[in-house]
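Spelled out from the first residue to the last, the chains are:
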Amino acid sequence: MKKLLTLALMSVLSFGVMADDWKKLGERRVSFQSEQDVIHVSGFKGRYDTIAFRVGRAPIFMKKIRVVFGNGESQNIFINRRLEKGKRSLPYRLLEGDRVINKIELDYRTAVGGHKYAEVSVYGKRS
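Residues numbered from 1 in each chain as written. Predicted model: local features only at pLDDT ≥ 70, side-chain atom pairs only at ≥ 80, totals over all residues. Heavy atoms only, no water.

Q: Any chance you could explain the overall build of the protein chain here in plain terms?
A: In terms of regular secondary structure, the protein chain is built from one helix and nine strands. Start at the N end of the protein chain and walk to the C end: the helices and strands fall as α-β-β-β-β-β-β-β-β-β. In the protein chain, which comprises 127 residues, the proportion classed as buried is 39%. Taking contacts inside the protein chain between residues at least 6 apart in sequence as the whole, the part at least 24 apart equals 79%. For the protein chain, the computed accessible surface area is about 7900 Å², with 53% contributed by carbon and sulfur atoms. (Helix = DSSP H or I, 4+ residues; strand = E, 2+ residues; numbered from the N terminus. Buried < 20%, exposed > 50% of the residue type's maximum accessible area, 1.4 Å probe, protein only. Contact = heavy atoms within 4.5 Å. Areas by Shrake-Rupley, 256 points an atom, 1.4 Å probe, with all protein chains shown as cover.)

Q: Help me understand the pattern of salt bridges, please; the structure alone is not making it clear to me.
A: Pairs can form between side chains of opposite charge whenever their charged atoms are close. Taken as a whole and assessed by the stated rule, the structure comprises nine salt bridges. Its salt-bridge partner being Arg93, residue Asp49 comes within 3.5 Å of it at the nearest N-O pair. Placement of Asp49 in the loop between β3 (47–48) and β4 (50–56) and of Arg93 in strand β7 (residues 92–93) is noted, with a sequence separation of 44 residues between them. Given the relative accessible area of 2%, Asp49 is considered buried. One salt bridge in this structure joins Glu73 and Arg99, with 3.0 Å as the shortest N-O distance. In this pair, Glu73 sits in the loop between β5 (60–69) and β6 (74–83) while Arg99 sits in strand β8 (residues 99–110), placing the two residues 26 residues apart along the sequence. Connected via shared salt-bridge partners are Arg66, Lys103 and Glu105. (Salt bridge = Lys/Arg side-chain N within 4 Å of Asp/Glu carboxyl O.)

Q: I keep staring at the nonpolar core and nothing clicks. Help me out?
A: Soluble globular proteins tend to bury their nonpolar side chains together. Ile51, Phe53, Ile65, Val67, Ile101, Ile104 and Leu106 are the most contacted members of the largest nonpolar core, which has 26 residues in total. For this core, the elements supplying multiple residues, two or more each, are β1 (22–31), β4, β5, β6, β8 and β9 (117–125). In terms of residue count, β5 provides more of this core than any other element does, five residues in total. Once residues within four sequence positions are removed from consideration, Leu106 is found in contact with Val30, Glu35, Gln36, Asp37, Ile39, Phe53, Met62, Lys64, Ile65 and Val120. (Core = buried A, V, L, I, M, F, W, Y, C linked by side-chain atoms within 4.5 Å.)

Q: Honestly, the side chain of Thr50 in this entry has me stumped. Any pointers?
A: Turning to its location among the elements, Thr50 is positioned in strand β4. The exposure class assigned to Thr50 is buried, which follows from its relative accessible area of 7%. Polar contacts involving the side chain of Thr50 include one to the side chain of Asp49, which spans 3.1 Å. In this structure, Thr50 is in contact with Trp22, Pro91, Tyr92, Arg93, Leu94, Tyr123, Gly124 and Lys125, ignoring residues within four places of it in sequence. (Polar contact = N/O pair within 3.5 Å; in protein donor to acceptor, adjacent residues only side chain to side chain.)

Q: What am I meant to see in the sheet that holds β9 here?
A: Within a beta sheet, neighbouring strands are joined by backbone hydrogen bonds and run either parallel or antiparallel to one another. Taken together, four strands build an open sheet; the order of strands is β1-β9-β4-β7 and the sheet is antiparallel. The open sheet has two edge strands with one neighbour each: β1 and β7. Summarising the sheet, β4 and β9 pair through seven bridges and their orientation is antiparallel. Within β9, the residue paired with Ala52 across the bridge is Tyr123. (Pairing = 2+ DSSP bridges.)

Scope: geometric values only; no functional claims are made or implied.
This is the structure in structure tokens:
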């Protein structure tokens, strides 16, 4: 019963962190064996000018991401930061305003104190 109550509380708190006008664009269970993964985002999700990440299960050290837009252009964002389990990253602005995101390529490495995998969720915000 105690575990169930804890999980329910964590779900409510997790939702509150990304509430308001942030929309979940996708998620991926990332394996520490590959250290490169892709989160595919549907163009039907809309146009965004800011993105952020939330990490679950285990911390990771995010080196950089590459955001690929619907028109084939891309933007590299160098993060070089440890993203803690259960925490949200800083928001990152996309160049040239509102953009349709096709996919986000993650380049990361295992952080000390982790499990075999982490869960990374990406959120978008419109201005």
